[in-house]
Amino acid sequence: MDTSSVAGSQLIVHKRLRTNRIVTTLAFLATGAGLFLLAWILGYLLFKGFTTLSFHLLTMDTPPPGSAGGLANAILGSLLITGIGIGIATPIGILAGTYLIEYGRGSKLAEVIRFVNDMLVSAPSIIVGLFVYQVVVAPMHHFSAWAGAISLAIIALPIIVRTTQDMLQLVPDALREAAYALGAPKWRVIVVVSYRAAFQGMLTGVLLAVARISGETAPLLFTALSNPSSTTNMSQPMATLPVVIYKFAGAPYKDWQDLAWAGALLITFSVLILNVVARSFAPRRN
Amino acid sequence: MTSAAVTATGKTGTRVHPKRIGNILFGGSAWTFGILVLILLAAVMIALVIGAFPAFQQFGISYIWTEAWNPGKDTYGALAPLYGTLISAFIAMIIGVPFSLGIAMFLTELCPTYLKRPISTAVELLAAVPSIIYGMWGLFVLAPLMQKYIEPGVISTFGAIPGVGLLFQGPPYGIGLLTAGVILSAMVLPYMVSIMRDVFETVPPQLRESAYGLGATTWEVVRSVVLPYSRVGVIGAFMLALGRALGETMAVTFVVGNSYHIKASILAPGTTISASLANEFAEADGLQLSALLANGFLLFVLTFSVIGFARVMLLRLQKKYG
C-alpha cells in the first residue's frame, strides 16, 4: 500500500465515523426531546392544576360561569361510566380471548377474529361514539349514561381480548395436559389451570383497559353528553371528567379553565398511576 | 394446579351430565363472544352506512369531493374535512417518523442497559396520557408558541420560495393544520417508538454482532442490517401510527381552527373529520347529521384500510420470524 491509498482509506474511515457521530447525536437529541415533552406536559399540568386542587373539587358540582364549584358530578360520572363499561367488557373480552386460544387455536375463524380484534384495538374512538349514537342514542331519542358506558365497553373490549389471548398463549400445554389426564372437563381446565396461571397478565390487561377508557373523551361527547348536577341515574345524560375538561378548557371563563386544569391533573395522574400499577403486575418479557 | 384439578374430577367424575353441560355452556359462550368481535366490526360499518345514506342520496357520490359546508342552506360536502384529516396526519408523520426512528435506535443500539427500562416506561407513559390533555396543552402552550415564534419563522424562511412557498404564507394564526399536525406528531410518537423497538428487537443478535465485528459503526448496523431486516415491521408501525393520526379527535379539535375552507397554506385554520364531529354532532339533526355520519363513514374506510394494511405487514413479520 502506498501512502496515498492509506490516506484515502483514513479519509473514508474518518467520514464514516463522522456520519455515525452525527446520527447518534441526533438519536440522543430525539430521545431527549421525547423525555422533555413528557416532563413539559406533566410539569405544566402540575403547575396549572395544583393551585385549584382543593376539597371543593370532590364536594361541589360544576358551576355556572362566575361562581365557585367543583367537579363532584364529573368525578362520580367518570367512576360510574368507566366502572360499568369495564364491567361489561371484562367477561366478554376474557371469554372471547379464551375462545381464540383454548378452543379455536389454529382455526381459520380464530385467525380472522384475531385480525379483526387487532384492527379494533387501533380503531378511532370517535367512530365508536358514532356507532353507539346510531344504535343506542338515536332509537332511545335521548343521550344517556348507558350509551356512554357501552361505548367505553366497546373500546375496552379489544384491549382485554388481546391481552387475554397473549397471556393464555404463554400457559404451557403441559399444565393443561396434566389436568386433562386427571379427568377434568375442558371448562374446568380453563378456569382452574389456564386462568390461574395467566391471572396476573390478564389483570394487567383489564387495568390497562381501565386506564385507556377513563381518559376517553370523543366517544362520550354524543353518548353520555354532560350534566350540570350529580346523578346516578344511568338513563339520563351524565357528566364525566374528560367531557367537562373539554367543555371548560375551551370556554372563555377563567374559573372554568382552572377547573379544567384541575380535572386534567386528576385524570392524567390517575391514568399514569394505573398504568404503572398495571405494568407492575405484568409478567416480565423474557 | 394439579390439586385443583383433582378436586375437579372428584366432584364431577361420578356424574357425567354436569360436566358436559359445563363444557357446552362455557365453550358456547366463549364462541359467541368471539363471534361478537366480528359482528361488532360489521355492525359499526352497517350503522354508519345507514346513517350516511340520506347524505349520499341527496348529494350523490360527488359529496366526497365537494367543498361545501353550509348548515344554513343545508348543503354539504366532505372535501374540506377530508383534506384537513389527510394533511394534518401527513404533517404528523413527517415530523414523527424521524424522531421515532431516532428514539427507537437509541433504545435498541445506544442506550446503556440501566436506562433502558426507565426510558421505555417514559415512552409508554407518554402513550398513556389521554388525548384531551394533548389537546389542552396544544391550545394553551403550543398554539401561542407557534403564533409568536415558530410560524413567523416558517413564513419568513419558506414563504418566499416560489411554488412551495404557497404552503407557508398568510398570517400566523397559531391554530391551524400545522399546529394540529405538530400535536398529532407528539401523540403518535410513542406508539411508533414502542412498536419499532419491538420490531428492531426481532433482529437476531448474530446478524447485528457480525456486522459490528466487521467494523461497522452503529449507524451502519442500523441502516444496513436492522432496517432492511425489519422493514416490513417498520412500515407496519408507521401505518399504525398513521391510522391513529387520521382518527385522533381530542388532540386536534382545540387547535385545528374549525374552518371549512380549504386554503393553500398549511398555517391557515382548517378542520378534520373527527374535529367537525366533536364540534357539531351532538347538536346536529336532519341532513347535517347524515352528512356528519357520512364523514364518519369515510373516516372509517380510511382508517381501517390503513390499519388493516399495517396489521398485514406486522403479521407478515411475525410469521416470517416468529
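Residues numbered from 1 in each chain as written. Chains lettered and ligands numbered in written order. Predicted model: local features only at pLDDT ≥ 70, side-chain atom pairs only at ≥ 80, totals over all residues. Heavy atoms only, no water.

## Here we look at the overall build of chain B
- Broken down by element type, chain B carries eleven helices and two strands.
- Listing the helices and strands of chain B from first to last along the sequence gives α-α-β-β-α-α-α-α-α-α-α-α-α.
- Against the 2.2 N^0.38 benchmark of 20 Å for 322 residues, chain B shows a C-alpha radius of gyration of 25 Å, more extended than a compact globule.
- Reported as C-alpha extents along the three principal axes, the dimensions of chain B are approximately 80 × 65 × 35 Å.
- Across the 322 residues in chain B, those meeting the buried criterion constitute 55%. (Helix = DSSP H or I, 4+ residues; strand = E, 2+ residues; numbered from the N terminus. Rg over C-alpha atoms; globule rule 2.2 N^0.38 Å. Buried < 20%, exposed > 50% of the residue type's maximum accessible area, 1.4 Å probe, protein only.)

## Details of the overall build of chain A
- Within chain A one finds eleven helices and zero strands.
- Along its sequence from the N terminus, chain A presents helices and strands in the succession α-α-α-α-α-α-α-α-α-α-α.
- Taking 286 residues into account, the globule formula puts the C-alpha radius of gyration at 19 Å, and chain A, at 25 Å, lies well above it.
- Across its three principal axes, chain A shows a C-alpha extent of roughly 85 × 65 × 35 Å.

## Let's talk about the nonpolar core
- Counting residues in each nonpolar core, the largest one holds 181 residues, and the members touching the most others are B:Tyr134 and B:Phe281.
- Beyond its immediate chain neighbours, meaning those up to four positions away, B:Phe281 contacts A:Leu130, A:Tyr133, A:Phe222, B:Ser276, B:Leu289, B:Leu292 and B:Leu293.
- One finds A:Ala27, A:Ala30, B:Ile119 and B:Val193 within the second-largest nonpolar core, a separate group that totals ten residues. (Core = buried A, V, L, I, M, F, W, Y, C linked by side-chain atoms within 4.5 Å. Contact = heavy atoms within 4.5 Å.)

## What to know about the environment of B:Ser305
Residues and elements named next belong to chain B.
- Within the secondary structure, Ser-305 sits in helix H11 (residues 286-321).
- Judged by relative accessible area, which is 44%, Ser-305 ranks as partly exposed.
- For the pair Ser-305 and Asp-74, spaced 231 residues apart in sequence, the C-alpha separation works out to 30 Å.

## Observations regarding unusual backbone geometry
- Phi at A:Leu225 is positive, roughly 55°, even though this residue is not glycine.
- Position of A:Leu225 among the secondary structure elements: in the loop between helix H9 (218-221) and helix H10 (241-249).
- We note that B:Asp74 has phi near 60°; this positive angle belongs to a residue other than glycine.
- Looking at where B:Asp74 falls in the secondary structure, it is placed in the loop between strand S1 (69-70) and strand S2 (75-76).

## Focus: the side chain of A:Ser78
All names here are of chain A.
- Locating Ser-78 in the fold gives a position in helix H3 (residues 72-103).
- With a relative accessible area of 9%, Ser-78 lands in the buried category.
- A distance of 2.9 Å separates a polar side-chain atom of Ser-78 from the backbone nitrogen of Leu-241.
- Discounting residues that sit within four places of it in the chain, Ser-78 has contacts with Gly-83, Ala-239, Thr-240, Leu-241 and Pro-242. (Polar contact = N/O pair within 3.5 Å; in protein donor to acceptor, adjacent residues only side chain to side chain.)

## What to know about the pattern of salt bridges
Residues and elements named next belong to chain B.
- Counted according to the given criterion, the structure contains twelve salt bridges over all chains.
- We note a salt bridge from Asp-198 to Arg-197, for which the minimum N-O separation is 3.4 Å.
- Under the relative-accessibility criterion, Asp-198 is labelled partly exposed at 32%. (Salt bridge = Lys/Arg side-chain N within 4 Å of Asp/Glu carboxyl O.)

## Focus on the packing of aromatic side chains
- The tally for this structure, following the rule as stated, stands at 20 aromatic pairs over all chains.
- Geometrically, the ring pair formed by A:Tyr44 and A:Trp261 is edge-to-face, given 5.4 Å between the ring centres and 75° between the ring planes. Of this pair, A:Tyr44 sits in helix H1 (residues 3-50) while A:Trp261 sits in helix H11 (residues 254-281), and the two are 217 residues apart along the sequence.
- Look at A:Tyr133 and B:Phe281: their rings are 4.7 Å apart centre to centre, the planes differ by 80°, and that puts the pair in the edge-to-face class. Taken together, the residues span two chains, with A:Tyr133 in helix H5 (residues 125-140) and B:Phe281 in the loop between helix H10 (273-280) and H11. Grouping residues by exposure puts A:Tyr133 and B:Phe281 together as buried.
- Ring pairing ties together the aromatic residues B:Phe56, B:Phe59, B:Tyr63, B:Trp69, B:Tyr76 and B:Tyr260, which thus form one cluster. (Phe/Tyr/Trp six-rings, centres within 6.5 Å; stacked < 30°, edge-to-face > 60°.)

## A few points about a nonpolar patch on the surface
- There is a patch of nonpolar side chains on the surface, built from B:Phe158, B:Ile161, B:Val164 and B:Leu167 and spanning about 320 Å² of accessible area.
- Within the fold, B:Leu167 resides in the loop between helix H5 (131-158) and helix H6 (177-200). (Patch = residues over 30% accessible without salt bridge, like charges linked within 9 Å, V, L, I, M, F, W, Y side chains within 5 Å. Areas by Shrake-Rupley, 256 points an atom, 1.4 Å probe, with all protein chains shown as cover.)

## Overview of the interface of chain A and chain B
- Each side of the interface is counted separately: chain A has 92 residues, and chain B has 90 residues.
- Together chain A and chain B conceal approximately 8000 Å² of surface at their shared face, both sides included; 80% is due to carbon and sulfur atoms.
- For the pair chain A and chain B, the interface holds two salt bridges.
- Linking chain A with chain B are nine residue pairs in polar contact (both at pLDDT 80 or more), by the criterion used here.
- Sorting elements by how many residues they give to the side of chain A that touches chain B places H1(A) first, with 19 residues. (Buried area = accessible area lost by both parts, 1.4 Å probe.)

## With respect to the packing of H3(A) against H10(A)
Residues and elements named next belong to chain A.
- Viewed as axis vectors pointing N to C, H3 and H10 meet at an angle of 140°, and their least axial separation amounts to 7 Å. Considering the angle they form, H3 stands oblique to H10. Contacts between H3 and H10 involve Ala-74, Ile-75 and Ser-78 from the first element and Leu-241, Pro-242 and Val-244 from the second.
- By residue class, the composition of the contact of H3 with H10 is five nonpolar, one polar and no charged. (Axes fitted to C-alpha atoms, helices over the stretch in contact; angles between N-to-C directions. Parallel < 35°, antiparallel > 145°, perpendicular 65-115°, else oblique. Nonpolar A, V, L, I, M, F, W, Y, C, P; charged D, E, K, R; others polar.)

## Section: the environment of A:Ile84
- Turning to its location among the elements, A:Ile84 is positioned in helix H3.
- Those residues in contact with A:Ile84, other than ones at most four positions away along the chain, are A:Trp146, A:Ala149 and A:Met234.

## Topic: H10(A)
- Of all nine residues in H10(A), eight are buried; the element is thus mostly enclosed.
- Within the sequence span of H10(A), burial applies to A:Leu241, A:Pro242, A:Val243, A:Val244, A:Ile245, A:Tyr246, A:Phe248 and A:Ala249.

## Some details on the packing of H3(A) against helix H8 (residues 186-214) of chain A
All names here are of chain A.
- Contact geometry for H3 and H8: axes closest at 9 Å, N-to-C directions at 135°. On the basis of their axis angle, the class for H3 and H8 is oblique. For the pair H3 and H8, the sense of crossing is right-handed. Of the residues in H8, those in contact with Thr-82, Ile-86, Thr-90, Ile-94, Leu-95, Thr-98, Glu-102 and Tyr-103 of H3 are Lys-186, Ile-190, Ser-194, Tyr-195, Met-202, Val-206, Ala-209, Val-210, Ile-213 and Ser-214.
- Class assignment of the residues belonging to the contact of H3 with H8 gives a composition of eleven nonpolar, five polar and two charged. (Left-handed = near helix turned anticlockwise from the far one by under 90°.)

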